[in-house]
Amino acid sequence: MEYRKWIWIELIGFDNTQPDLGVGEYIERLGFTPEVISLLIYSPDIVHQHISTDEEITFSADYSSYGAHPFNAERDLQYWTNFQLKGLVDSLHKYGVKVLPSFFSFHGQDYYHKEWFSDHQELFEVHANGQVAGALNPLKRLKDGTPYLDFLLPKLIETIDYYGFDGWHAADGWGHPRSALWFADYSDDMVLR
């Protein structure tokens, strides 16, 4: 059986203090060059709040690691910038590695930054018991009736183009609501179609 070598890793797995952003060291430690690396940026605001700009922007902690966990076995959490992320993609491309962004559909309660979801809570899943979940349902509509995907896809394409990504890894919660069908989503937007 042949296996394809894809890796899903957080930005904390690289080192933004090195000239190549830690890519050479990482690949040497792996012992092979993966075909694809999916960068788990965690926050969907990498797309929702994306601005194609020539100004350097420092990302919040939740872009660097899952839930902004403060360290891994190699280093403490580092705050990355848009320029460094572009550089990381370029460095990986030099090794022939395709790079995809990935992120979850969670709402982090504005703990690390003011999130786009906070102004669009109509997109949150509503469980069968009436409880609002802390995650977006990608099949819902914005307040003005626009399908969320009609907002997301142009922003996603702009983000992919800006950073030089090779596509998108649609992680948990993007191909469907996060909760099982028997439990969610029971909001008016999903039931009254």
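See the structure shown above.
These notes cover the structure that comes with them.

Parameters at a glance
Residues numbered from 1 in each chain as written. Predicted model: local features only at pLDDT ≥ 70, side-chain atom pairs only at ≥ 80, totals over all residues. Heavy atoms only, no water. Core = buried A, V, L, I, M, F, W, Y, C linked by side-chain atoms within 4.5 Å. Buried < 20%, exposed > 50% of the residue type's maximum accessible area, 1.4 Å probe, protein only. Helix = DSSP H or I, 4+ residues; strand = E, 2+ residues; numbered from the N terminus. Salt bridge = Lys/Arg side-chain N within 4 Å of Asp/Glu carboxyl O. Expected span 1.5 Å × (residues − 1). Contact = heavy atoms within 4.5 Å.

Take the nonpolar core next. Counting residues in hydrophobic clusters, the biggest one holds 37 residues, and the most contacted among them are F14, I37, L39, I46, L85, L88 and F165. For this core, the secondary-structure elements that each account for two or more residues are β1 (6-10), α1 (23-30), β2 (36-42), α2 (45-48), α3 (82-94), β3 (98-103) and α4 (148-163). By residue number, the principal contributor to this core is α4, which donates six residues.

Moving on, we come to the pattern of salt bridges. One pass over the full model with this rule turns up five salt bridges. Where R4 meets E35, a salt bridge forms, and the shortest distance between an N and an O atom there is 2.4 Å. In this pair, R4 sits in the segment before β1 while E35 sits in the loop between α1 and β2, placing the two residues 31 residues apart along the sequence. For E35, a relative accessible area of 32% corresponds to the partly exposed category. For K114, the salt bridge identified is with D119, shortest N-O distance 3.2 Å. Judged by its relative accessible area of 48%, K114 is partly exposed.

Here we take up α3. The first and last C-alpha atoms of α3 sit 19 Å apart over 13 residues, in line with the 18 Å expected at 1.5 Å per residue. Restricting attention to buried positions, one finds in α3 the residues N82, Q84, L85, G87, L88, V89, S91 and L92. Next to the buried residues of α3 lie α1, β2, α2, β3 and α4. Within two residues after α3, G96 carries a phi angle of roughly 80°, on the positive side.

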